[in-house]
Amino acid sequence: MYRGEVVDLFCGIGALSHGLKLAGFKVIAGYDIDKSCKFAYEKNNDAEFFERDVAKLAAKEIKKHFSGKVPSVLAGCAPCQPFSSYKHRYEEDPKWNFVTKFAVLAVAVKPDFITMENVPALLRYKDGAVFRRFCSIIEKGGYELKWSVEHCERYGVPQRRRRLVVLASKKYCLGRLEADDDNIVSVRQAIGKLPKVSAGESHPKDPLHVASGLTKINLKRIRASKPGGTWRDWPKSLRADCHVRPTGKTYPGVYARMTWDDPSPTLTTQCYGFGNGRFGHPQQDRAITLREAAILQSFPRNYEFVPVGQKVSFVEIGRWIGNAVPVKLAEAIGNAIARSQPKDLVNAKST
């Protein structure tokens, strides 16, 4: 028996759905405006992908997916522009606030559980007004709501990443996310055993295990880079213009290698590029591959992103991976929902 049924809004390639699936939930459907996500979503989650603008969805369309035989879960990662510094697959439309739209839809659908994941900066955007409005809509709809800012590495994600997690329910006393600080996964544990590849090459058995190319100067730079170090470890002749700007903004977090024995830094949509952050492989002279990036986002090793034979696009797949909810965090959210107890049962025990 499944723990519940899930509909995922702004689903992307299905990271949130997949984590809930791993937690024992049946994923029914995912909605997203980006049709390029369809293959990965359906292939890995045994669910139907709907290419739709969530801003134009009606509650009745979502409701029809739920059988009513098991708890229903409406999940989503509403687009994080403009309160994130990185671009999302949605462009901001001044006519719509997707966080608010998600709340309005959720209350109209009336699922047993609502969960939303987002960037912590949402708490500060417009002095918190957007998030307060979101919470107010949910609570006025009769839901008990809890939120927290979670450190993803505490849930088995081999990456230092902070995310805002919201859970809400009418009928259930909400379970807690259970972190495990004794099980922090390092970069070495996550990707240390993957086959070696060189810059600009891919592994013959896994097209996603592909590294972007390096210019001659960047090859010299990465060879001069130390794990956990900065460009200051380089000879002066290798330093870029941005490193010596008179403004003092010398960008110490770019052109750098990861360290083996710690989680990775936060991955972005351009994490496949050595010059885009601390995305150099700890040992090999290249940036991390797309497969390594996916693993550091806690996607399963066998997660399929494109059909066999389709050309791998760094820009497209990098965007999917960088925007994804870490799968292990999503699984922890699912387990918290599963630990929730019906309020009637809890009240009966208390009396």
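This text goes with the structure placed above it.
Within each chain, residues carry numbers counting from 1 in the order of the written sequence. Only residues with pLDDT of at least 70 get local features here, since the model is predicted, and only at 80 or more are side-chain atom pairs given and counted; chain-wide, interface and lining totals rely on the full set of residues. No hydrogens and no water enter the side-chain calculation; it runs on all heavy atoms of the structure.

1. A closer look at the overall build of the protein
Scanning the protein from N- to C-terminus turns up eleven helices and eleven strands. Its C-alpha atoms give the protein principal-axis dimensions of about 70 × 45 × 45 Å. Burial classes: relative accessible area under 20% of the type maximum marks a residue as buried, over 50% as exposed, and values in between as partly exposed (1.4 Å probe, protein chains only). Counting the 351 residues in the protein, one finds 56% classified as buried. Only four residue types enter the charge count: Lys and Arg as positive, Asp and Glu as negative, with His and the chain ends excluded. Where a charge lies is defined by one atom per residue type, namely NZ (Lys), CZ (Arg), CG (Asp) and CD (Glu). In the protein, 56 positive and 36 negative side-chain charges are present, and the distance between their average locations comes to 3 Å. In this text, helices come from DSSP runs of H or I with a minimum length of four residues, and strands from runs of E with a minimum of two, each type numbered from the N-terminal end.

2. Quick word on the sheet that holds strand S2 (residues 26–32)
Think of it this way: DSSP has to see at least two bridges between two strands before they count as a pair. The strand order across the open sheet formed by seven strands is S3-S2-S1-S4-S5-S7-S6, and the pairing between neighbours is mixed. This sheet does not close on itself; its edge strands, each paired only once, are strand S3 (48–51) and strand S6 (144–151). Across the sheet, the axes of successive neighbouring strands diverge by a mean angle of 15°, strand direction being ignored. By the bridge criterion, four bridges tie S2 to S3 in an arrangement that is parallel. Counterpart to Gly 30 in the pairing with S3 is Phe 49. In this analysis, two residues are considered to be in contact whenever any of their non-hydrogen atoms come within 4.5 Å of each other. Angles run from 0 to 180 degrees between N-to-C directions of axes, and those axes are lines fitted to C-alpha atoms, restricted for helices to the stretch in contact. Most of the contacts of helix H2 (residues 38–45) go to S3, to which it runs at about 160°, and overall it touches strand S1 (5–9), S2 and S3. Packing of helix H10 (residues 327–338) onto the sheet brings it into contact with strand S4 (72–76), strand S5 (113–118), S6 and strand S7 (162–169), and relative to S7 it is tilted by some 25°.

3. Section: the packing of aromatic side chains
Each Phe, Tyr or Trp ring (for Trp, its six-membered ring) is paired with any other whose centre lies within 6.5 Å, and the angle between the two planes then decides the class: stacked below 30 degrees, edge-to-face above 60, tilted in between. What the rule picks out here adds up to 13 aromatic pairs. For the ring pair Phe 113 and Tyr 172, a centre distance of 4.7 Å and an interplane angle of 40° mean the geometry is tilted. Residue Phe 113 is located in strand S5, and its partner Tyr 172 is located in strand S8 (residues 172–173); the two are separated by 59 residues in the primary sequence. Accessibility classification places Phe 113 together with Tyr 172 in one group, the buried group. A ring pair is formed by Phe 131 and Phe 134, whose centres lie 6.1 Å apart and whose planes are at 15°; its orientation type is stacked. Here Phe 134 and Phe 131 lie together in helix H5 (residues 129–140), a separation of three residues that amounts to about one turn. Among the aromatic side chains, those forming a connected cluster through ring pairs are Phe 102, Phe 131, Phe 134 and Trp 147. The lysine or arginine in question, Arg 221, covers the ring of Tyr 255, its NZ or CZ lying 5.2 Å from the ring centre. Lysine NZ or arginine CZ positioned within 6 Å of the ring centre and within 35 degrees of the ring normal marks a charge as sitting over the ring.

4. Some details on the pattern of salt bridges
Any carboxyl oxygen of Asp or Glu that lies within 4 Å of a side-chain nitrogen of Lys or Arg is treated as forming a salt bridge with it. Applying the stated rule across the entire model yields 17 salt bridges. Arg 188 is the partner of Asp 261 in a salt bridge, and the nearest nitrogen-oxygen pair spans 2.9 Å. Of the two residues, Asp 261 is situated in the loop between helix H7 (216–223) and helix H8 (290–296) and Arg 188 in helix H6 (residues 187–191); the sequence distance between them amounts to 73 residues. Looking at Arg 188, the relative accessible area reads 39%, which means it is partly exposed. The salt bridge partner of Arg 257 is Asp 285, with a shortest N-O separation of 2.6 Å.

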